[in-house]
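Now for the letters of each chain:
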Amino acid sequence: MRKLGLPDAVRACLFDMDGVLTKTAAVHDAAWKQTFDDFLRRREGPDFRPFDAAADYDEYVDGRPRADGVRVFLASRGIELPEGSDDDPPELDTVHGLGNRKNALLLEKIRTEGVEAYPGSVRYVEAVRAAGLPTAVVSSSANAQDILTSAGIQALFDIRIDGIVAAERRLPGKPHPDTYLAAAHDLGVEPGAAAVFEDALAGMDAGRSGAFGYVVGVDRAGQADALREHGADTVVDDLAELLENRR
């Protein structure tokens, strides 16, 4: 698959959504920051240490299922909350309540601002499909279908493994490889014959531990070295580079 910048053995492509296909990573970041800053301000007062929209997002939240992101970030601040349940109201200070608060903010931002796909990513996925390779979206988001539809790219993918599917199948989220392994299985290929495309460090870990044939890191946040350290075989700023710099 030299025209796609991939090894010849690759027979399917598995794409993360936020930050790889769609320009929603910044929207997620803003929703998380508002959620955590409001919580920390109420808990610790005006001298609270704010959520860092770069370091904290990349290290603790990006790429993880929503509840895991809440747990991991709060643990980094030495905070433990009751788990609560999936239907906790957004104003409740539980793991799921905070997660639902973030989701409500995210959906409002999507409704008011819309969602764009990266043009280079669209070009690349279209080239992948033109080459006859099946495609999958693998996202921790429970809103993946709405986001793909808003961006107008839902028809470019054969299957979707998202937060809803993961919950139904009881698949642990990234950094575990299970959602990517499920996508490869559903497309009928072995992991070693699939390429993973990720921008999150947790997604890199999933690609590495799942023994996938090729892992492409997409550097949208100036973390190319970290993506390589977490298992990327190659790192690009935009997927269109793979078409321009063919193997």
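Residues numbered from 1 in each chain as written. Predicted model: local features only at pLDDT ≥ 70, side-chain atom pairs only at ≥ 80, totals over all residues. Heavy atoms only, no water.

(A) Local environment of the sheet that holds strand β4 (residues 194–198). Reading across the sheet, the 6 strands line up as β3-β2-β1-β4-β5-β6 and stay open at both edges, with parallel pairing between neighbours. The open sheet is flanked by β3 (159–161) and β6 (234–236), the only strands paired with a single partner. Neighbour to neighbour, the strand axes of the sheet diverge by 20 degrees on average, direction disregarded. One ladder, built from 3 bridges, connects strand β2 (residues 135–138) with β3; its direction is parallel. When the bridges of β3 are listed, Ala136 appears paired with Ile159. (Pairing = 2+ DSSP bridges. Helix = DSSP H or I, 4+ residues; strand = E, 2+ residues; numbered from the N terminus. Axes fitted to C-alpha atoms, helices over the stretch in contact; angles between N-to-C directions.)

(B) Geometry of the side chain of Asp56. By the element assignment, Asp56 lies in helix α2 (residues 55–61). With a relative accessible area of 9%, Asp56 lands in the buried category. A polar atom in the side chain of Asp56 sits 3.2 Å from the side chain of Arg77. Filtering out sequence-adjacent residues up to four positions away, Asp56 remains in contact with Pro50, Phe51, Val61, Phe73 and Arg77. (Buried < 20%, exposed > 50% of the residue type's maximum accessible area, 1.4 Å probe, protein only. Polar contact = N/O pair within 3.5 Å; in protein donor to acceptor, adjacent residues only side chain to side chain. Contact = heavy atoms within 4.5 Å.)

(C) Structural view of helix α3 (residues 66–76). Residues of α3 that are buried include every one of Ala67, Gly69, Val70, Phe73 and Leu74, and no others. Buried residues along α3 cover an arc of 160 degrees about the axis, so they all sit on one side. Looking one or two residues beyond α3, the residue adopting positive phi is Gly78, at roughly 70 degrees. (Arc of directions from axis to C-beta.)

Purely geometric numbers; function is a separate question.
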